[in-house]
Amino acid sequence: MFTLAVRLFSALLLMAALTLSGCQTAPQKGLTPAQVAVLKQQGFELTDDGWEFGLSGKVLFGSDIESLNAASTEIVERIGKALLGVGIERVRVDGHTDASGKETYNQQLSLRRAKSVANVLGTVGMKAENIQLQGLGSSEPVASNDTAAGRTENRRVSIVVSAD
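These numbers come from a predicted model, not from an experiment. (Residues numbered from 1 in each chain as written. Predicted model: local features only at pLDDT ≥ 70, side-chain atom pairs only at ≥ 80, totals over all residues. Heavy atoms only, no water.)

Visitor: I would appreciate a short explanation of helix H2 (residues 33–42) in the present structure.
Guide: Two residues of an α-helix separated by three or four positions point the same way, owing to the 3.6 residues in each turn. Those residues of H2 that sit buried are Gln35, Val36, Val38, Leu39 and Gln42. Down the axis, H2 shows its buried residues gathered within 160 degrees of arc, on one side only. Along H2, the residues that are exposed and aim more than 90 degrees away from the buried face are Pro33, Lys40 and Gln41. A positive backbone phi angle near 100 degrees is found at Gly43, which sits one or two residues after H2. (Buried < 20%, exposed > 50% of the residue type's maximum accessible area, 1.4 Å probe, protein only. Helix = DSSP H or I, 4+ residues; strand = E, 2+ residues; numbered from the N terminus. Arc of directions from axis to C-beta.)

Written out as C-alpha cells, the structure reads:
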C-alpha cells in the first residue's frame, strides 16, 4: 500500500511538473507598451517597415550636404537617448536625396547622410553594429522634385525601429 501511495504521489508530481513547464512564458517578440509609448512621444509613426521617425521637416540636408547641423544633431541625440532609455538598441537609418544629379552619386550621398545620423546615435551610446545603414538615393521621394520645396523635403534621413 505504501509503494502504491509513493507511486501515485510521484506520478502526480511528474504531471504537475510537466504541466507547469508548458506554462513558461516565451520570450517577448515585438515592442513593449512602454517602448511604443516612447516611440509615439518622440514622433515615430507606425509604417509597413516598422516605427519610423521621418526626419523630413525636422532634419533636412542642404543640397549636396551630408553633415547634420546643430539643431538636427540635438534632435538625433534626443531620439537616441530616448530609445536607449527604453531598451531599444537596434535601428535602421535610411538616407535619401532629391532627384538632382546622377543616381549613383545620390545613392552614395544618401548613405553618407545615414552615416552622419548613425555617428550621432553612437555618441549617445548606441552600438555601431546595431545600426543598419541604407542609402536609398532619390528612389523614395516624399514630395515632388519639380519644386525647390519638394526637393528640400526629399533630402532627409529616416530612423526606423522594427517591431520584431
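Having seen it, we continue.
Visitor: What's the story with helix H4 (residues 103–123) in this structure? I'm lost.
Guide: Here H4 spans 30 Å end to end across 21 residues, near enough to the 30 Å set by a 1.5 Å rise per residue. Asn106, Leu109, Ser110, Arg113, Ala114, Ser116, Val117, Ala118, Val120 and Leu121 are the residues of H4 that are buried. Looking at the packing, one finds that the buried side of H4 touches helix H3 (70–85), strand S3 (91–95), strand S4 (131–135) and strand S5 (157–161). Of the residues one or two after H4, Gly125 is the one with positive phi, at around 115 degrees. (Expected span 1.5 Å × (residues − 1). Contact = heavy atoms within 4.5 Å.)

Visitor: Please explain the nonpolar core as it appears in this structure.
Guide: Nonpolar side chains in soluble globular proteins tend to be buried together. In this structure, Phe44, Leu83, Val91 and Val161 are the most contacted members of the largest nonpolar core, which totals 25 residues. For this core, the secondary-structure elements that each account for two or more residues are H2, strand S2 (50–54), H3, S3, H4 and S5. The biggest single contributor to this core is H4, with five residues. Look past the residues within four positions of Leu83 in its chain and what remains in contact with it is Leu39, Phe44, Ile88, Val91, Met126 and Val161. (Core = buried A, V, L, I, M, F, W, Y, C linked by side-chain atoms within 4.5 Å.)

Visitor: How should the pattern of salt bridges be read in this particular structure?
Guide: Two side chains with opposite charge may pair up if their charged atoms get near one another. Counted under the stated rule, the structure contains four salt bridges. Close ionic contact of Arg112 with Glu66 constitutes a salt bridge, the shortest N to O distance being 2.5 Å. Highlighted residues: Arg112 in helix H4 and Glu66 in the loop between S2 and H3, separated in sequence by 46 residues. Across the pair Asp98 and Arg155 runs a salt bridge whose closest N-O atoms are separated by 2.8 Å. Taken together, the positions of Asp98 in the loop between S3 and H4 and Arg155 in the loop between helix H5 (148–154) and S5 put the pair 57 residues apart, joining distant regions of the chain. For the pair shown, Asp98 and Arg155 are each scored as buried. Put simply, Asp49, Arg92 and Asp94 are held in one network by salt bridges that share partners. (Salt bridge = Lys/Arg side-chain N within 4 Å of Asp/Glu carboxyl O.)

Visitor: I would appreciate a short explanation of the pairing of S5 in the present structure.
Guide: The side chains of a regular strand alternate between both faces of the sheet. For S5, the buried fraction is high: five of the five residues fall into the buried class. Side-chain alternation along S5 places Val157, Ile159 and Val161 on one buried face and Ser158 and Val160 on a second face that is also buried. Where S2 and S5 come together, four bridges link them in antiparallel fashion. What sits directly across from Gly54, in S5, is Ser158. Summarising the sheet, S3 and S5 pair through four bridges and their orientation is antiparallel. Across the sheet, residue Gly95 finds its bridge partner in S5, namely Val157. (Pairing = 2+ DSSP bridges.)

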